[in-house]
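If you want the building blocks of each chain, they are given just below.
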Amino acid sequence: MDWFTLLLILISISLSAAATSPAPAKSSLNPFTEKAALLRYWNRKIPNSSPYPAFLVSKLTPLSISNAAKFSTIAASDPFKLSSTLPTFCSAAALLCTAELTPSLASHPGDSAFSTYDNSNFTNYGTEAGGRVSAFKNYFGNETPLSTFRRYGHSSGGHNDTFAAYGPRGNIVGANFTSYGTSSAGSLDKFNSYSNSSNIPVLGFNNYATEGTGTQEKFKHYSDDSNVGQQLFSGYGKRGEGATLDFNSYANKYSNIIESGFSNYGENGSVTDIFKSYSENSNIPDNHFRSYGSGSLAGIEKFNTYREQSNIGDDSFASYHKDANYGSVEFTNYGNESSGSDAFKGYGEGSTNGQITFKSYFEDNTTFKSYAKTGIDFKSYHNSSTAQIHTASKHPGLKQWVDPGKFFRESSLKKGTVMPMPDIHDRTPPRSFLPRSIAGNIPLSASAVSEIFKFPPGTTMEKAVASTVADCERSPSRGETKRCATSAEDMIDFAVSVLGSDVEVRSTANTNGSQGNILIGDVKGLNGGNVTQSVSCHQSLFPYLVYYCHSVPRVRVYEAEILAVDSGEKINHGTAICHIDTSDWSPTHGAFVALGPGPGKIEVCHWIFEGDMTWTVRDRV
């Protein structure tokens, strides 16, 4: 058979597929592109003539025929060689790559005012600056940041930095400040609103204000109302002289599962640290202080309200204020109306001429090991015989840890119901699938992916890749079947393996109605509203699209018209899934915080968010 005859046969096959399964802009689709090949694969695996889902087709690779062949050949021979052509590869395949950042903004003539600023490389920024102001009014709002701060404000004098709104409502916020304000003098750094209302903030300050003289560092609202994050301070205020570190509100207002770590904080320095409201009204805070204020001279540390009305949680103070001289540590209202565990090891040990005071200490399961035998004063010590777990019924504010409408009962899915809708926006950066011929040759390994895509250790993307791989490697829960789909073909294969070839995939049509009240219009239960099985696929943060897909037994899936409350006009078409069996869910799951009463006692429903999808057997009713 000659090549021309083969070409005609392939075109005929492609046109036949197009006739049986209409798709957006199919008439102009080159049959030899990777996208066209995927749609032919769809027809073979799912031969039920259902329309291609536009939201999924839009995520298919934009690689041209020549580029697809080029990068597939490289990946097949040695995927690590993709890094040698990374800028071209990332651009052509619409991937998320951070290695080739914009040139460093190292110089700044005159005063610098950055308004709505993001995705930039600040390396050696403000070095030896003097008498100027750098003001960041709104830094990377509502997205995953790709910015870098290294050696920021080194050896500056009298230079003030102001971050008015840094990373508000961001998703997977990664803000690492490496060597911030080292050897600076007489400066004022203000973080007015830092990573508030963010999801999965990963924040790191390394060598922050080390060897600073007469500096003032103010965090007014730091990571308040944030969800499942980590904030690590290493070498914070170390060997500082006359510095003031002021945290006005730290991880407060219903922050959920926030881990904070302070290592070498104020070590060998003479600084004043004030935490006015630390981890107040938060859920399961995990705070670790290691080598905090050790060897300091005349240092002052104040915790005015520490972990008050917080739920569960864990605090560890190891080597706290050790070998200090003429220092003062004061805890006012420590752990009031909270629950959890506290361990103090090496607390004030070896300190001289100092004073450590707990004015009102409320904690259970407390151990004090290797602490100073003198200079510690417990003015009011409260310790009950049994620990208490605080619930939403005791603290109504705990419900605010979960976005209103994120979880709801099945009874809400009735025409005429007015209910809140959470923020269902996909807040991850846009990316595309890679063809299986490329993705299948990239090892699903955190180290391999970070090496290929040049993600430095400790960066947001390096941590995100590691987290995604860990989820993929996790053993499935009881009754669950799971797979990480690194290509669209993988996703189709998994859905078909669980549900059979007669399947459909759905998502909520758009994001209209988010963060407001909505009116439920007509509701339809798929397959007659009977209990069925589905496959849910959730987006992971990765340089290319990777979906965590898993079987979801015993669910009911609904389609619902979403209307504007004031006009009754249709603004969205929602897909919702109701989990009938919640017996294996954690008691601390957000659904039970919002709805009560606990695992196995209620069904739990939620909308399918933008970017996610659910597969079901084709609806025949």
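Parameters and conventions
- Residues numbered from 1 in each chain as written.
- Predicted model: local features only at pLDDT ≥ 70, side-chain atom pairs only at ≥ 80, totals over all residues.
- Heavy atoms only, no water.
- Core = buried A, V, L, I, M, F, W, Y, C linked by side-chain atoms within 4.5 Å.
- Buried < 20%, exposed > 50% of the residue type's maximum accessible area, 1.4 Å probe, protein only.
- Helix = DSSP H or I, 4+ residues; strand = E, 2+ residues; numbered from the N terminus.
- Contact = heavy atoms within 4.5 Å.
- Polar contact = N/O pair within 3.5 Å; in protein donor to acceptor, adjacent residues only side chain to side chain.
- Phe/Tyr/Trp six-rings, centres within 6.5 Å; stacked < 30°, edge-to-face > 60°.
- Disulfide = S-S within 2.5 Å.
- Expected span 1.5 Å × (residues − 1).
- Salt bridge = Lys/Arg side-chain N within 4 Å of Asp/Glu carboxyl O.

Quick look at the nonpolar core now. By size, the foremost hydrophobic cluster in this structure holds 41 residues, and its most contacted members are Phe262 and Phe331. It is strand 8 (residues 202–208) that provides the largest number of residues to this core, a total of three residues. Those residues in contact with Phe331 that sit more than four places away from it in its chain are Phe303, Tyr306, Phe317, Tyr320, Tyr347, Thr357, Phe358, Lys359 and Ser360. In this structure, Ala93, Leu95, Ala464 and Leu541 belong to the second largest nonpolar core, which totals 32 residues.

Assignment of secondary structure puts Glu603 in the loop between helix 10 (590–595) and strand 31 (604–607). In terms of polar contacts, Glu603 uses its side chain to reach the side chain of Arg409, at 2.9 Å. One polar contact links the side chain of Glu603 to the main-chain amide nitrogen of Glu410, over a distance of 2.9 Å. Apart from residues no more than four positions distant in its own chain, Glu603 is found in contact with Arg409, Glu410, His579 and Ile580.

With respect to the secondary-structure elements, Tyr222 resides in strand 9 (residues 216–222). Under the relative-accessibility criterion, Tyr222 is labelled buried at 0%. Each C-alpha atom, one on Tyr222 and one on Ser195, is 6.5 Å from the other, the two residues being 27 residues apart in sequence.

A few words on the packing of aromatic side chains. Taken as a whole and assessed by the stated rule, the structure comprises 14 aromatic pairs. Between the aromatic rings of Phe275 and Phe303, the centroid separation amounts to 4.8 Å while the plane-to-plane angle is 0 degrees, which identifies the pairing as stacked. Of this pair, Phe275 sits in strand 13 (residues 270–278) while Phe303 sits in strand 15 (residues 300–306); the two residues are 28 residues apart in sequence, bridging distant segments of the chain. On the basis of relative accessible area, Phe275 is assigned to the buried category, the value being 0%. Residue classification places Phe303 among the buried residues on the basis of a relative accessible area of 0%. Here the aromatic rings of Trp585 and Phe592 are separated by 6.1 Å at their centres, their planes lie at 55 degrees, and the arrangement is tilted.

Here we come to the state of the cysteines. One covalent bond between the sulfur atoms of two cysteine residues makes up a disulfide. Tallying each qualifying case throughout the model produces four disulfides. The side chain of Cys90 participates in a disulfide bridge whose partner is Cys97; the two sulfur atoms lie 1.8 Å from each other. Between Cys90 and Cys97 the disulfide shows an S-S torsion of about -75 degrees. By sign, it is left-handed. Through a disulfide, Cys472 is tied to Cys484; the S-S separation comes to 1.9 Å. Between Cys472 and Cys484, the S-S torsion sits near -95 degrees, and that sign places the bridge as left-handed. Of this pair, Cys472 sits in helix 8 (residues 460–473) while Cys484 is found in strand 25 (residues 482–485), placing the two residues 12 residues apart along the sequence. Cys484 carries the same exposure label as Cys472, and that label is buried.

The next subject is unusual backbone geometry. Most peptide bonds take the trans form, and the phi angle of most residues other than glycine is negative. Omega for the peptide link from Gly596 to Pro597 comes to -15 degrees, which places this bond in the cis form. Despite not being glycine, Ala94 shows a phi value in the positive range, around 55 degrees. Of note, Ala94 is situated in the loop between helix 5 (86–93) and strand 1 (112–114). Of the residues examined, Ala94 reaches a relative accessible area of 28% and is grouped as partly exposed.

Given 3.6 residues per turn, any residue in an α-helix points the same way as the ones three and four places further on. Here helix 2 (residues 34–45) contains 12 residues, and its C-alpha end-to-end distance of 16 Å stays within 8% of the 16 Å for a straight helix at 1.5 Å per residue. Those residues of helix 2 lying buried are Ala36, Leu38, Leu39, Tyr41, Trp42 and Asn43.

What follows covers the pattern of salt bridges. Counted under the stated rule, the structure contains 13 salt bridges. Residues Asp502 and Arg618 are paired through a salt bridge, measuring 2.7 Å at the closest nitrogen-oxygen approach. Here Asp502 is found in the loop between helix 9 (488–499) and strand 26 (503–506), whereas its partner Arg618 is found in the segment after strand 32 (613–617), with 116 residues between them in sequence. The buried category is assigned to Asp502, whose relative accessible area is 18%.

Before going further, it helps to examine the side chain of Ser534. Position of Ser534 relative to the elements: it lies in strand 28 (residues 532–540). For Ser534, a relative accessible area of 0% translates into the label buried.

The next point concerns helix 9. Compared with the 16 Å implied by 1.5 Å per residue over 12 residues, the 17 Å span of helix 9 between its first and last C-alpha is a close match. Within helix 9, 10 of the 12 residues are buried, which leaves it mostly tucked inside the rest of the structure. Regarding helix 9, the residues found buried are Ala488, Glu489, Asp490, Met491, Ile492, Asp493, Phe494, Ala495, Val496 and Leu499. Note on helix 9: the residue one or two positions beyond its end, Gly500, has a positive phi of about 95 degrees.

Here Val503 is to be found in strand 26. Using a relative accessible area of 1% as the deciding quantity, one classes Val503 as buried. Measuring from C-alpha to C-alpha, the distance between Val503 and Pro47 comes to 9.2 Å, with 456 residues separating the pair along the chain. Among all residues touching Val503, those that are not within four sequence positions of it are Ile46, Asn48, Trp615, Thr616, Val617 and Arg618.

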